[in-house]
Amino acid sequence: MNIELRQLRYFATVAEELHFGRAARRLHMTQPPLSQTIMALEETLGAPLFERNRRGVALTAAGAALLPEAQRLLQQAAGLPELVQRAATGASGRLSLAFVSSADYSVLPPSLRAYRAEYPQVEITLKEATSDLQLDDLLEGRVDAGLLIPPLPDRARQELDYLPVLSEPLVLAAPAELPALAAARARGGKAPGAADLRKLAGIPLIIFPRHISPGLYDAVLSVFREAGITPEVGQEAIQMQTIVSLVSAGMGLALVPQSVSNLRRPGVEYLPLVQSTPLVETGLAWRRDNASPVLRGFLELMKKRI
């Protein structure tokens, strides 16, 4: 069965006018080809759509059943150009975004608010994942983009593009009731109230496993090296929420990106450090060959926000 939109448009016009002459004028055509088109549609469907008599034209039961469906199809067809244009410009579609847990306390919320305000019809799928898992998902095309902590391994650098988004220092997260914490606070100098790691030696360190986030792991250990301390790793955890919860439980201390101090937990105190710390970078990575208009719109917005 091959029904054309033109046939449905002619049928709907006759059904609305209930007069072939008026319908033909409305369609800017003559009556004979209009009548022929309706007859061809009736033959295709296998049922008469109109009752024709001297008194005029009326819909049959079959015609009355077809009319709302024909109008719906015509309305949907009329909306196709706008639908296609919105998809082509990235105004609609789906964006899949992965993020490390620390991004949830810094760049992720304001970026999502700004993107949703500009592209309200895009469906956003979020996935919290460590940097190593994000790289696998990106390389396999399972997500469009990922907020992660560099560095990127060799294969990833060959296939992914990368945009630095945020650089921030490390701060100390320590149990508020830790006896040594008061003694570790600097009393004067350039950083009053900052914590001196040298006075916290021997307290277990809670940290990310290196194979999951080598950049963050190495940054944390470099602060201890500068302080002349070899830390005792007490616990490893793969999410910032878990690390801070372990600190709250008194299991040890942690060095975390500054934005994580937005994560409030009872019994946890965040302090800057007397020791200088490397800047921990969070960046956005995506496949170089991903031509998604939705991704392009997200990238343009992120670049404006940097």
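Residues numbered from 1 in each chain as written. Predicted model: local features only at pLDDT ≥ 70, side-chain atom pairs only at ≥ 80, totals over all residues. Heavy atoms only, no water.

Engineer: Even after reading the chapter, I still don't get the overall build of the protein, so can you show me in this structure?
Structural biologist: A tally of regular secondary structure across the protein gives eleven helices and twelve strands. For 306 residues, the compact-globule formula gives about 19 Å, and the C-alpha radius of gyration of the protein, at 32 Å, lies well above that figure. Dimensions of the protein, computed from the C-alpha atoms along their principal axes, are close to 105 × 40 × 30 Å. Here the protein holds 306 residues, and the buried ones make up 45% of them. Sequence separation of 24 or more characterises 70% of the internal contacts of the protein that already satisfy a separation of 6 or more. Charged side chains of the protein number 32 positive and 31 negative; the gap between the two group centres comes to 6 Å. (Helix = DSSP H or I, 4+ residues; strand = E, 2+ residues; numbered from the N terminus. Rg over C-alpha atoms; globule rule 2.2 N^0.38 Å. Buried < 20%, exposed > 50% of the residue type's maximum accessible area, 1.4 Å probe, protein only. Contact = heavy atoms within 4.5 Å. Lys, Arg positive; Asp, Glu negative; His and termini not counted. Charge placed at Lys NZ, Arg CZ, Asp CG, Glu CD.)

Engineer: How should I be thinking about the sheet that holds strand β6 (residues 160-168) in this particular structure?
Structural biologist: Hydrogen bonds between backbone atoms are what pair the strands of a sheet, whose relative direction is either parallel or antiparallel. On the basis of which strands lie adjacent, the open sheet formed by five strands has the order β4-β3-β5-β12-β6 and mixed pairing. The open sheet has two edge strands with one neighbour each: β4 (121-128) and β6. Adjacent strand axes in the sheet meet at a mean angle of 20° when their direction is disregarded. Sheet topology note: the strand β3 (residues 92-99)/strand β5 (residues 145-148) ladder contains three bridges and is parallel. Residue Leu97 lies in a different strand from β5, and its bridge partner there is Ala145. (Pairing = 2+ DSSP bridges. Axes fitted to C-alpha atoms, helices over the stretch in contact; angles between N-to-C directions.)

Engineer: Would you mind going over a nonpolar patch on the surface with me for this structure?
Structural biologist: Together, Leu80, Leu83 and Val84 line one region of the surface with nonpolar side chains, adding up to about 280 Å² of accessible area. Mapped onto the fold, Leu83 is located in helix α4 (residues 61-88). For Leu83, a relative accessible area of 52% puts it in the exposed group. (Patch = residues over 30% accessible without salt bridge, like charges linked within 9 Å, V, L, I, M, F, W, Y side chains within 5 Å. Areas by Shrake-Rupley, 256 points an atom, 1.4 Å probe, with all protein chains shown as cover. Salt bridge = Lys/Arg side-chain N within 4 Å of Asp/Glu carboxyl O.)

Engineer: Before we go on, may I ask you to explain the packing of helix α1 (residues 5-17) against α4 in this structure?
Structural biologist: Where α1 meets α4, the closest approach of the two axes is 9 Å, and the angle between their N-to-C directions is 125°. Viewed along their axes, α1 and α4 adopt a mutual orientation that is oblique. In the crossing of α1 with α4, the sense of the turn from one axis to the other is left-handed. In contact with Leu5, Leu8, Arg9, Phe11, Ala12, Ala15 and Glu16 of α1, α4 contributes Gly63, Leu66, Leu67, Ala70, Gln71, Leu73, Leu74 and Ala77. (Parallel < 35°, antiparallel > 145°, perpendicular 65-115°, else oblique. Left-handed = near helix turned anticlockwise from the far one by under 90°.)

Engineer: Can you help me understand the packing of aromatic side chains in this one?
Structural biologist: We describe a pair of aromatic rings using the distance from one ring centre to the other and the angle between the two ring planes. All chains considered together, the criterion is met by four aromatic pairs. Taking the centre distance of 5.5 Å and the plane angle of 50° together, the rings of Phe11 and Phe50 count as tilted. Of the two residues, Phe11 is situated in helix α1 and Phe50 in strand β1 (residues 50-53); the sequence distance between them amounts to 39 residues. On the basis of relative accessible area, Phe50 is assigned to the buried category, the value being 3%. Between Tyr115 and Tyr119, the ring centres sit 4.9 Å apart and the planes meet at 35°, which makes this aromatic pair tilted. Its relative accessible area of 12% is what places Tyr119 among the buried residues. (Phe/Tyr/Trp six-rings, centres within 6.5 Å; stacked < 30°, edge-to-face > 60°.)

Engineer: Is there a simple way to think about the pattern of salt bridges in this case?
Structural biologist: Opposite charge on two side chains permits them to pair, given that their charged atoms come into close proximity. Going through the model one piece at a time under the given rule, you end up with 17 salt bridges. Between Glu42 and Arg52 there is a salt bridge whose closest N-O contact spans 3.3 Å. Here Arg52 lies in strand β1 and Glu42 lies in helix α3 (residues 31-45), a separation of ten residues in the sequence. Its relative accessible area of 10% is what places Glu42 among the buried residues.

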